[in-house]
Each structure stands twice: as C-alpha cells, then as structure tokens.
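Here are the chains, one letter per residue:
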Amino acid sequence: MKTIERAIVSKLADMAGKFPAVFLTGPRQSGKSTLLKQLFGKNYDYVSLEEKDTRDFAILDPRGFLDSYKGNVIIDEAQRAPDLFSYIQSKVDQKDTPGMYILSGSQNFLMMKSISQSLAGRVGILSLLPFSLAELAQARRLPKNADEWMLSGAYPRLISSKIAPEDFFPSYIATYVERDIRAELRINDIDKFRRFMRIVAANVGSPVNLTKLGAEVAIDARTADSWISILEESYILFRLPPYYSNLGKRYVKTAKLYFYDTGLLCALLGFTEAKELTLHRMRGHIFEAAVISEIMKGYFNAGRRPGLYFWRDSDNREKEIDLIEETPQGLILTEIKASQTANRDYAKNLLNFTPPASQEIKARRVIYDGSDMPFSADFSADLRYVNWKNI
C-alpha cells in the first residue's frame, strides 16, 4: 500500500535545521509519532513517555533521563512530563545545536505554559492535523463523494487501515476524548460530559451561546467555556471568531464552533452511513466544517497560523460570509455550499462586501459540491466556483 506523504515534512525538516528544539503538536492519532520516526528515526533515539517506567524516570530524575541520551532524541508524548522542558532548556543553552530535541504531544495548557516559559525563542512549534485532501489526492486515496468525505474524516489509522468509521470512532471517543480530556477537566460524571459533547456537535457552525450550552447539561456558562477551551487545546474543535475590524458595533461578535475532523463530528451526531447525510438538515453545517478545517490544514502544514473569520450583519442574518481569510496580500472571501448546483445567489454577499479601508479583497470564491468554474463569464469575472476536492 502506498504511503501517504505528509505535506508538513519540508517545514518540519526546515525547523529542525534552525531551532535546537522542535515541538510537533496536534490531536491524538493524527500521525505525529509515525511521521517523526520516518523523518528522523535513522539519526535520532526515540522514547515515548506513554510508557509508565520511562515517564516516571523523566519526572523523578529529569537530568538523568536527558543524560541517558548522548545524541539527538525524539521525545514522544512530551505532555506527560511538562516539567522536563526547563531541563531541556539547560541542555539547549549549553550546546545550542539545531535539531537536538524533537518533541511531540497533544497540546494542553500546562505544557504550552511550560514551553513558553522554558523554551521561548529556542523552539519551533508546528501543528499536525489529520490527512488533508491534497495528501489524499497525491496518494490516490480521495473519498468518492462529499458525504463519504464528511463521514470518514481523515484520521490516518482510519484511512490507512481502511477501518470503517463506525468501528473507529467509538473507540477513539472512549479512549482519547472521554478518558484524556475528561481527566484533564476532572469530570466525574461521564454521562454529563458525553451529553455536552453531543450538544456541542449539534451546534456546529452556529454562534456559541455558553449559557444555553451549559443549561442543557446543568453547568454554568463559565464551566461550559472551560470545557470548550480544553477541547480546543486538544485539537477536537476550534472557535471561528467574527470579523468586525473597523466595521462598527452592529455586527455579530460571537464566535462559531467547528470540529477539526468531521468524522468525529458525524460519530457524535450518530451517523454511521454516508447516505444518512444526503438529506439531513445538518449536512450544510458539516460540509462547512469540513471545508474550513481543510483550509486550516493548509496553513498549519506550511507552519503558519491562520487568520480565519466569519462575518455576519446582526441586523440582517442573510448578510453573512462563511469564511474570511486575512492574508498579507488581502482578504479571501469564501462562501461554502453543500449543493452540486452553482447559483448566482451564493456569490451575492461576496460581491457586495465592502472591506475596511485598511484592507483590500484578494479573491472571492464559492466552495461547493459541483464542478470547477474558474472566472466564469456566466457569473462574475471576479469569482471562482471551486469543487471541494480542489480546495
């Protein structure tokens, strides 16, 4: 079976040639360990802090742990021993050689705080999400249609081992989402947390109402915000903030929620077959989440932090743009539709949007389930209709 090459490889290798430490973060099972072993395994020792005896060694005797590796080393699941980073700092300051330590792990608040305090200026940080469409296309593993794409998601083990989503995600949710994240939040009531996850999934693509979300599982808004924050730090979901720079106070200022992987989203919503999505009322929201996550992967794989937003006029809900990308060259405006048929109305808000005086529009596009129509004269010379496979 052909190996699916990761788009982040060149950036990761570049970082390792410039920084004494590189930290690769991302969700559980996004392929971090496999990638690091393939890219650095020949010239690096490898150790995983997932193993209890090794983790205890790193926690109880960090100096001895680091001294036991004479050359460059990959330290996997580094979040298991966050205090180790201050000792890595001492090693880095003594030698200051590029690529000394390659660290990986699922992000959490304590670990990122430790990195920012101990390794600021000494570490390059990258994020690896599940497979992108570009990676799947190169390996000729693109899903057959949009419904299959949304249902399956793109976690590497599911794709590479051809595991059915209904077999993969229950185990992923129980092992990583419920165990690790619930432990991080110190939640004893597993049923309450499961219900919260399903409610959040049902509100994907909608502005976040923390009070309403919390009330449905008998927690306050502050607790709901805390739970969502941990889910963000664990790369389960993300908040898409509103774009309102210099556009006045009448615009919506509440973020929307999206999941990084729509396979996980569909599993939480109870979908088990692609055909169940076809006429479902949530299909448009799930498609929107898949597209936005895909665009985010492109930025992460290039080592860049995306400036992504949505825009909505609070006085007129019909005046909305699904995605605004803020780039040095200008704004990219995107409307996202699950339809296979191009429609002039899809582009209405894109063409009528007036940017702030300090910005200009670089491009406008509709991403949908139909055929590519670049600069179609039938619609607008300033607009592209793009099939989701060609994002």
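The structure under discussion appears in the preceding block.
One numbering rule holds for all chains: residues counted from 1, following each sequence as written. Predicted model: local features are reported for residues with pLDDT of at least 70 only, side-chain atom pairs are reported and counted for 80 or more only, and whole-chain, interface and lining totals are derived from all residues. Neither water nor hydrogens contribute to the side-chain values; these are computed over all heavy atoms in the structure.

Peer 1: Explanation requested: the nonpolar core in the structure shown.
Peer 2: Counting 73 residues, the largest nonpolar core has F193, F196, F259, L264 and F287 as the members making the most contacts within it. Among the elements that take part in this core, helix 15 (residues 283–301) stands out by supplying 10 residues, more than any other. Setting aside its immediate chain neighbours within four residues, F196 contacts V217, I219, A224, W227, I228 and L231. Nine residue types can take part in a nonpolar core, namely buried Ala, Val, Leu, Ile, Met, Phe, Trp, Tyr and Cys, and a core is a set of them joined through side-chain atoms within 4.5 Å. A 1.4 Å probe rolled over the protein chains alone gives each residue an accessible area, and that area as a share of the maximum for its type sets the label: buried under 20%, exposed over 50%, partly exposed in between. Core analysis: the second largest hydrophobic core is formed by 21 residues, F23, L49, Y101 and L103 among them. For the purposes of this entry, the term helix denotes a DSSP run of H or I that reaches at least four residues, the term strand denotes a run of E that reaches at least two, and both are numbered from the N terminus. Contacts between residues were defined by any pair of non-hydrogen atoms, one from each residue, lying within 4.5 Å.

Peer 1: Honestly, unusual backbone geometry in this entry has me stumped. Any pointers?
Peer 2: At E77, a residue that is not glycine, the phi angle is positive and equals roughly 55 degrees. Here E77 lies in the loop between strand 3 (73–76) and helix 5 (84–95). One non-glycine residue, A218, lies in positive phi territory at about 60 degrees. Relative to the helices and strands, A218 resides in the loop between helix 12 (210–215) and helix 13 (221–233). On the basis of relative accessible area, A218 is assigned to the exposed category, the value being 63%.

Peer 1: Where do I start with the pairing of strand 1 (residues 21–25) in this structure?
Peer 2: Each regular strand displays side chains that alternate between the two surfaces of the sheet. In terms of burial, strand 1 is largely enclosed, as five of its five residues are buried. What you see with strand 1 is no split at all: A21, F23 and T25 on one side and V22 and L24 on the other are buried throughout. What makes two strands pair is DSSP finding at least two bridges between them. Alignment of strand 1 against strand 4 (residues 101–105), held across five bridges, turns out to be parallel. Bridge pairing in strand 4 links A21 to Y101. The pairing of strand 1 with strand 5 (residues 123–127) spans five bridges and is parallel. Bridging across to strand 5, F23 finds its partner in I125.

Peer 1: How should I be thinking about the packing of aromatic side chains in this particular structure?
Peer 2: For any pair of aromatic rings, the description rests on two quantities: the centre-to-centre distance and the angle between the ring planes. Ring geometry is summarised as follows: Phe, Tyr and Trp rings, the Trp one being its six-membered ring, pair when their centres sit within 6.5 Å, and such pairs are stacked at plane angles under 30 degrees, edge-to-face over 60 and tilted between the two. Under the counting rule described, the total for this entry stands at 19 aromatic pairs. Summarising the aromatic geometry, the rings of Y155 and F168 are spaced 5.9 Å apart at their centres and angled 35 degrees between planes, so their arrangement reads as tilted. Taken together, the residues span a long stretch of sequence, with Y155 in the loop between helix 8 (146–152) and helix 9 (156–160) and F168 in helix 10 (residues 165–185) at a distance of 13 residues. F168 carries the same exposure label as Y155, and that label is buried. Here a set of aromatic residues connected by ring pairs shows up, and it is made of Y155, F168, F169, Y172 and Y176. For the cation-ring pair, K37 lies above Y46, with the distance from its terminal atom to the ring centre recorded as 4.4 Å. Look at NZ for Lys and CZ for Arg. If either is within 6 Å of the ring centre and within 35 degrees of the ring normal, a charge sits over the ring. The ring centre of F310 lies 4.6 Å from the NZ or CZ of K256, which sits over that ring.

Peer 1: In this structure, what is going on with the environment of D61? I would like to understand it.
Peer 2: Here D61 shows up in the loop between helix 3 (52–60) and helix 4 (62–67). Separated by 223 residues in sequence, D61 and G284 have C-alpha atoms that sit 52 Å apart.

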